[in-house]
Amino acid sequence: MSWLSAAGPLTPDAAPPWLKPLVDNAHHVPRAYRRRVPPDVLAMVMAAHTKAAMTGSGRDAAVLVLFSGPPDSPTGGLPDDADLLLTVRASTLRHHAGQAAFPGGAADPSDRGPVHTALREANEETGLDTDRLHPLTTLERMFIPPSGFHVVPVLAYSPDPGPVAVVDESETAIVARVPVRAFINPENRIMVYRKANTRRFAGPAFLLNEMLVWGFTGQVISAMLDVAGWAKPWDTDDVRELDDAMALVGHEDGYGEAQQ
C-alpha cells in the first residue's frame, strides 16, 4: 500500500454542525482554489505536476488544517471563537522562508499515510497534542512547483486542542490560533503578487497583525471560505506587491479590533 492510499483513520461524523458544510463539500475546494488561477498559470502548474509525477522528482507532503471551536453555537452557524491553526516559517529555511503556513511537511518513510504525516509534523512544530483532535477528511493532493511537493491537506477538528507554541525556532517563528472571523473580515483581504515572477499573477491573501497569509495557504483558506459559505464580498481590486504587503504586517501580540 502506498503512502497516498493509506490515508489513515478519518472520522467525518466528528465534525460539529458549523463545520459540516465544509467537510461535506471538501471535494469542491480544489475547484474553488483553481478558479482564481489564470488558465495559463494553471496549465504551467499542471505541466510541472505531470513532469514531477513521471520523473519521480516530486516529494510527498501533508499539512494539518485544524479548526477549533465549540461543538455548538447559539445561531447554528460559525461560532465567534472558532479558529484555525497557522505557523510562520523561520526566515532561515530553504523553502518558503518567513511564509505563513499550515503546520506540516514532508513524509517520512515510516509514515503511514497523509494523516500520520500531518499529525506528526504538527506535533513537532507546535507541540500539539494530536490525541485531542479528530481527522475529518483529506483534500485532493495539490502540487507546489517552487518546492516540488505534492501536498495533501488534512482537515481536522478539535473542541479544545490545548496549548500550542513554537517548538524549534530554527524552523518556526510563530504559532497562532487565528480567529476564523479574521479571515472572513473583508477589511483583512487583499490580492498579492510577487514582483520576481515573469508573469504578474495575484492570488488571495489575508493581512493580519502577526502575519501575511498568501500563496498556497492563502489560496486554500480562500477556497475553504467559499465552499463553507463563510466568505463575504471583498475588494479583489486591492492588489499589492508581496514586499509592500509584508511591510504592513504589525508586531502586536494577538489580534486587535481591526481583525474582528
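Described below are features of the structure shown in this document.

Calculation rules
Residues numbered from 1 in each chain as written. Predicted model: local features only at pLDDT ≥ 70, side-chain atom pairs only at ≥ 80, totals over all residues. Heavy atoms only, no water. Helix = DSSP H or I, 4+ residues; strand = E, 2+ residues; numbered from the N terminus. Contact = heavy atoms within 4.5 Å. Areas by Shrake-Rupley, 256 points an atom, 1.4 Å probe, with all protein chains shown as cover. Pairing = 2+ DSSP bridges. Polar contact = N/O pair within 3.5 Å; in protein donor to acceptor, adjacent residues only side chain to side chain. 1 Å grid on protein atoms, 1.4 Å probe; cavity = no way out; pocket = protein on both sides within 12 Å on 5 of 7 lines; lining within 4 Å. Points joined across faces, edges and corners; volume = space filled by probe spheres on them. Nonpolar A, V, L, I, M, F, W, Y, C, P; charged D, E, K, R; others polar. Expected span 1.5 Å × (residues − 1). Buried < 20%, exposed > 50% of the residue type's maximum accessible area, 1.4 Å probe, protein only. Salt bridge = Lys/Arg side-chain N within 4 Å of Asp/Glu carboxyl O.

## Overview of the overall build of the protein
Then, in step 1: Each helix and strand in the protein was counted, giving seven helices and twelve strands.
Then, in step 2: At a minimum sequence separation of 6, the contacts of the protein that also span at least 24 residues come to 71%.
Then, in step 3: On the protein, roughly 12400 Å² of surface is accessible, and the fraction owed to carbon and sulfur atoms is 52%.

## Some points on the sheet that holds strand 12 (residues 239–241)
Then, in step 1: Reading across the sheet, the four strands line up as 11-10-9-12 and stay open at both edges, with mixed pairing between neighbours. The open sheet has two free edges, formed respectively by strand 11 (212–213) and strand 12, since each of these has just one partner strand.
Then, in step 2: When strand 9 (residues 189–193) meets strand 12, the two strands line up parallel, connected through three bridges. The partner of Met191 across the bridge, within strand 12, is Val239.

## Some points on the side chain of Ser158
Then, in step 1: Residue position: Ser158 is located in strand 7 (residues 149–158).
Then, in step 2: For Ser158, the side chain forms a polar contact with the main-chain oxygen of Arg132, separated by 2.7 Å.
Then, in step 3: Excluding residues within four positions of it along the chain, Ser158 makes contact with Leu66, Phe67, Ser68, Gly69, Arg132 and Leu133.

## Section: empty space enclosed by the protein
Then, in step 1: Enumeration according to the criterion identifies one cavity of 30 Å³ or more in this entry.
Then, in step 2: When its volume is computed, the largest cavity comes out at roughly 30 Å³.
Then, in step 3: As for the largest cavity, its lining consists of Phe67, Leu84, Val180, Phe183, Ile221, Met224, Leu225 and Trp230.
Then, in step 4: Residue assignment for the lining of the largest cavity shows that the elements contributing at least two residues are helix 5 (180–184) and helix 6 (215–228).
Then, in step 5: Element by element, the count of residues in the lining of the largest cavity is highest for helix 6, at three residues.
Then, in step 6: Tallied by class, residues from the lining of the largest cavity come to eight nonpolar, no polar and no charged.

## Focus: the environment of Gly218
Then, in step 1: Among the secondary structure elements, Gly218 is positioned in helix 6.
Then, in step 2: Taking the C-alpha atoms as reference points, Gly218 and Tyr33, separated by 185 residues in sequence, lie 9.6 Å from one another.

## Focus on helix 6
One full turn of an α-helix is made of 3.6 residues, so residues set three or four places apart face in the same direction.
Then, in step 1: Here helix 6 contains 14 residues, and its C-alpha end-to-end distance of 20 Å stays within 8% of the 20 Å for a straight helix at 1.5 Å per residue.
Then, in step 2: Among the 14 residues of helix 6, twelve are classified as buried, and the element is accordingly described as predominantly covered.
Then, in step 3: Of the residues making up helix 6, those classed as buried are Phe216, Thr217, Gly218, Gln219, Val220, Ile221, Ser222, Ala223, Met224, Leu225, Val227 and Ala228.
Then, in step 4: In the segment just after helix 6, Gly229 is the residue with positive phi, at about 80°.

## Here we look at the pattern of salt bridges
Then, in step 1: In the structure shown here, the tally under the stated rule is eleven salt bridges.
Then, in step 2: For Asp13, the salt bridge is made with Lys20, and the minimal N-O distance between the two is 3.8 Å.
Then, in step 3: Assessed through its relative accessible area of 70%, Asp13 is described here as exposed.
Then, in step 4: One salt bridge connects Arg120 with Asp111, and the closest N-O pair in it is separated by 2.8 Å. Both residues of the pair, Arg120 and Asp111, count as buried.
Then, in step 5: Through salt bridges with shared partners, a single network forms among Asp108, Asp111, Arg120, Glu121 and Glu124.

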